[in-house]
Amino acid sequence: MPLTVEYCLSSCETDLASTVDTDGVALRERRCLEQCGICRNRAFVLVDGRLVVEPELTSTLESLADVETGGDR
Amino acid sequence: MNVLFVSIDSLRRDFLGAYSDRPTVVDYDVETDNLDRFAQRATVFDSHYAGSLPCMPARREWLTGVKEFPWRPWGPVEPFDEPVAELARDDGILTQLVTDHFHYFQHGSHGYYEDFNGFEFVRGNEYDAWQTSPKHPPEAFCDQLLDRETDPTTSMQYLNRNAYARNANGFDEESDYFAPKVFSRTAEWLSENRDWEQWFCYVDSFDVHEPFDVPESYASMYTDEDPTDPDLPVWPYYGSVDEGQSELTDRQLAFVQSQFAGSVTMVDRWFGRVLETLDEDGLWDETMVIVTSDHGFALGDNGWVGKNDFTVYDVIAHTPLMIWHPEQAAGGRVSALTTAVDLYATMLDAMAVERPADTHSRSLLPLVRGTRADHRDAVLFGYWGSSVNVTDGTYTYHRPPESDSETLCHSTTMQNPHSWFTPPTARTDPDAGAYLPYTDASVWRYPADSWFQHRDERLYDTANDPEQTTNVATDAPETVERMRTLLERGLDDLDAPESQWPRLGLYTGGRKQ
C-alpha cells in the first residue's frame with residue numbers, strides 16, 4: 001500500500017507537496033482537511049492520517065521522495 | 001398565511017420512508033414515522049436538487065434568493081441581499097429563528113440571524129465556542145470524537161473538536177441533546193405566539209449533521225456494538241473510506257452508519273412534537289410547512305464519507321423537499337425539477353410579501369397548487385471554485401475546472417475562499433467594482449485556486465443508475481454534448497462571470513467549444 005499524503009490548498013505549498021508526487025505515494029490535494037486551526041498557524045500535511053508540521057515537514061517530504069527515487073533526484 | 005420552514009441538516013432522502021423503503025447503504029429499515037406522516041399530508045417533491053453547497057451557501061439561496069456558487073464561496077449575507085426575514089418583518093410579519101446551527105455565529109457567515117424579531121440559539125453543537133470546562137473531557141468520549149494529535153485538549157486553536165466534548169459533557173437525558181431542544185422549543189414557540197396575526201418561523205436543526213452523538217435508545221437502535229466503544233467514531237473525517245485521515249474499517253463505517261440512522265430517528269421523533277402542536281393548536285389551515293435539507297451525507301457511498309471532497313453525487317445533491325400548503329392541489333408527488341433557491345420566492349409568495357425583482361428564485365406554489373406541472377429544464381449545482389454540475393432530472397453531468405485554473409471570488413467582505421471558519425484575511429490584491437449582474441453595488445473581486453472534486457468529465461444516467469456507479473461520459477458523447485449545452489445555458493441564464501467559461505474549459509481560443 002502506498003503512503004497517503006494529504007494536504008489542502010491552504011496548508012502547504014503545492015510545490016512542496018509535489019516533491020512526493022511519485023508512484024509510491026498517493027498524493028491528495030484537498031480544498032480543506034478540517035484542520036483549520038492548525039492550518040491557520042503553520043504548514044502541515046497528513047501522512048497516512050498522521051500530522052506532520054515544520055520543522056519536520058520539509059525533511060519528511062524530502063525523505064519520502066528520496067525513498068521513492070532511491071535518492072537520485 | 002404563516003410559514004414554518006424546517007431544515008434538517010445533512011438529511012439523506014433515502015433515509016426517509018417517503019422516498020425509499022430502505023436506505024442504500026444499510027440492510028435495515030430506519031424509523032421516520034413522523035416525517036412519513038408529514039409526507040402523507042404534504043406535497044412531496046421527487047426531483048428537488050441543491051444549488052450552492054454546502055451549508056451556508058444553501059442558506060443564502062433559501063433566505064435571499066441568490067444562487068451564489070458561480071460568484072462566491074461560503075460567506076455572509078451581503079448588504080444588497082434582501083432576506084426573507086427582513087422583507088417579512090418590514091411587511092408586519094413576526095419572524096423567528098430556532099436553531100442549534102453554530103455556523104451562523106462563526107467567522108465568515110454573519111447576517112443570517114440578525115433580521116429575525118426573535119432568535120433562539122441552542123448552544124453546544126459541533127464546534128460551538130461555548131463550554132471551556134472540563135479542561136480534560138472524558139477520554140473515551142474524546143476517542144470517539146477526535147484525533148488527539150490534531151485536536152490536543154489544551155490547544156486554543158480554532159475548530160478544536162474538544163469543544164464538542166466539553167459542550168456535551170454531562171448530557172444525561174435525551175432532552176439534553178440538540179434536536180430534542182430545537183424541536184421542543186419550536187413546538188413551545190408555536191403555542192406561545194398564537195396571538196400574532198402572521199408569522200414566519202425558521203427552524204434550522206443542525207442534526208443530523210455530524211457529530212453523530214446520540215443518546216440511548218437511538219445509539220443502540222441500529223447496531224449491536226457498544227456505542228461507547230472508544231474504537232468506534234461518531235465524528236468521521238471527510239474523505240475516502242479507504243485511505244488517509246478519513247479511513248474507516250468496515251466495522252467503523254457500519255457503526256457510523258448506525259449512528260447517523262439513530263440521529264435520523266431521534267430528529268424524527270422530536271419533529272413529531274411540532275406536528276402534534278400543529279394538530280392541537282389547529283394551525284394547519286393557516287400555515288405552510290416546508291421540510292427540506294441543505295444536502296446529504298455520504299456514508300460509504302462510492303467509497304466516500306462526508307461531502308465536499310468528491311463528485312457531487314445525488315447522495316449529496318438530490319435532497320428531500322415536502323411542502324404542506326392549505327391550498328395545495330391534493331398532496332401527492334411532484335416530479336418537476338426544482339432547486340433550493342426556489343424556496344425563497346415560495347415563502348414570500350405564501351406570505352403575500354412582494355418579491356424583489358431579478359432574483360434567481362422561482363416560486364413553487366404553482367406546482368403545489370397544481371396549476372403548473374413543469375418548472376425547470378435543468379438545475380445547476382456545486383461548490384464555488386470546483387466542478388459545475390447540471391441535472392435534467394435524468395442525467396447528471398459534472399464538469400471539473402481546468403488544471404491550474406483560478407476562480408474569482410466576489411463579495412463585499414474579504415473571505416477566506418478555502419478556509420471558511422477562520423478570521424478573514426486582509427487582502428491587498430482585489431479589484432473593486434459593480435461586477436455582479438443582479439446588483440449595482442460594488443464588491444471586491446479576487447482570484448483563488450480552483451480545486452478538484454474529480455479530474456475527469458463525468459456523466460451519470462441517474463434514471464437507470466441511481467447510485468451513480470458508472471461514468472458513461474465516454475460511451476454517450478451526444479448526451480454529454482446535450483448536458484454541456486444545458487450547463488452553458490444555465491451559466492448564460494445566470495449571467496455568470498465570463499471567467500467561468502475558460503475556467504471550465506468551455507472556451508477554446510475565445511470561442512465556445
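Up top you'll find the structure we're talking about.
What you see is a predicted model, and the numbers here were worked out from it, not measured in a lab.

Caption draft 1: Seen up close, the overall build of chain B. For chain B, the count of helices and strands is twelve helices and 20 strands. What you see for chain B is a C-alpha radius of gyration of 22 Å, in line with the 24 Å of a compact globule of 513 residues. With the principal axes as the frame, chain B shows a C-alpha extent of 65 × 55 × 50 Å. Every one of the 513 residues in chain B was classed for burial, and the buried ones make up 65%.

Caption draft 2: Representation of the interface of chain B and chain A. Taken together, the contact pairs 28 residues of chain B with 22 residues of chain A. Summed over both partners, the interface of chain B with chain A comes to about 2,200 Å²; 49% of that surface belongs to carbon and sulfur atoms. A per-residue breakdown of the area chain B buries against chain A is headed by Glu243, Gln245 and His418 of chain B, which together make up 25% of the total. Viewed at the interface, chain A and chain B are joined by three salt bridges. One salt bridge connects Arg28 of chain A with Glu243 of chain B, and the closest N-O pair in it is separated by 2.5 Å. The interface formed by chain B and chain A holds twelve residue pairs in polar contact (both at pLDDT 80 or more) in total. Counted by class, the side of chain B that touches chain A contains ten nonpolar, ten polar and eight charged residues.

Caption draft 3: Geometry of the sheet that holds strand E12 (residues 379-382) of chain B. All names here are of chain B. With respect to topology, four strands assemble into an open sheet ordered E12-E13-E14-E18, the strand pairing being antiparallel. Looking at the sheet topology across the chains shown, the edges are occupied by E12 and strand E18 (458-461). The mean inter-strand angle of the sheet, taken between neighbouring strand axes irrespective of direction, is 20 degrees. As paired strands, E12 and strand E13 (residues 388-391) are joined by four bridges and run antiparallel to one another. Across the sheet, Leu380 pairs through a bridge with Val390, a residue of E13. Packing against the sheet, helix H11 (residues 477-494) makes contact with E12, E13, strand E14 (395-399) and E18, and its axis sits at approximately 70 degrees to E14.

Caption draft 4: Region of the structure containing the pairing of strand E17 (residues 443-449) of chain B. Residues and elements named next belong to chain B. Sheet analysis places strand E15 (residues 406-411) next to E17, joined by six bridges and oriented antiparallel. Residue pairing for E17: Ser411 is matched across the bridge by Trp444. Across three bridges, strand E16 (residues 431-433) lies against E17 in antiparallel orientation. By the bridge assignment for E17, Gly433 is matched with Val443.

Caption draft 5: Seen up close, helix H2 (residues 55-64) of chain B. All names here are of chain B. For H2, the tally of buried residues reaches ten of ten residues, placing the bulk of the element in the interior. For H2, the set of buried residues is Cys55, Met56, Pro57, Ala58, Arg59, Arg60, Glu61, Trp62, Leu63 and Thr64. Check the buried side of H2 and you find it contacts strand E1 (2-8), helix H3 (84-90), strand E5 (199-205), strand E7 (287-292) and helix H9 (342-350).

Caption draft 6: Quick look at the packing of aromatic side chains. All names here are of chain B. If you walk through the whole model with that rule in mind, you get 36 aromatic pairs over all chains. Geometrically, the ring pair formed by Trp74 and Phe421 is edge-to-face, given 5.1 Å between the ring centres and 85 degrees between the ring planes. On the criterion of sequence distance, the pair formed by Trp74 in the loop between H2 and H3 and Phe421 in the loop between E15 and E16 is long-range, its members being 347 residues apart. Trp74 gets classed as buried once you look at its relative accessible area, which sits at 4%. The structure contains a cluster of three or more aromatic residues connected by ring pairs, namely Tyr127, Phe141, Tyr164, Phe171, Tyr177, Phe178 and Trp235. Looking at Arg41, its charged tip hangs above the ring of Trp324, at a distance of 5.0 Å from the centre. Taking NZ or CZ as reference, Arg161 lies 3.9 Å from the ring centre of Tyr237, over its face.

What counts, and where the lines are drawn
- Residues numbered from 1 in each chain as written.
- Chains lettered and ligands numbered in written order.
- Predicted model: local features only at pLDDT ≥ 70, side-chain atom pairs only at ≥ 80, totals over all residues.
- Heavy atoms only, no water.
- Helix = DSSP H or I, 4+ residues; strand = E, 2+ residues; numbered from the N terminus.
- Rg over C-alpha atoms; globule rule 2.2 N^0.38 Å.
- Buried < 20%, exposed > 50% of the residue type's maximum accessible area, 1.4 Å probe, protein only.
- Contact = heavy atoms within 4.5 Å.
- Buried area = accessible area lost by both parts, 1.4 Å probe.
- Salt bridge = Lys/Arg side-chain N within 4 Å of Asp/Glu carboxyl O.
- Polar contact = N/O pair within 3.5 Å; in protein donor to acceptor, adjacent residues only side chain to side chain.
- Nonpolar A, V, L, I, M, F, W, Y, C, P; charged D, E, K, R; others polar.
- Pairing = 2+ DSSP bridges.
- Axes fitted to C-alpha atoms, helices over the stretch in contact; angles between N-to-C directions.
- Phe/Tyr/Trp six-rings, centres within 6.5 Å; stacked < 30°, edge-to-face > 60°.
- Lys NZ or Arg CZ within 6 Å of the ring centre and 35° of its normal.

Read these as spatial facts, not as claims about activity.
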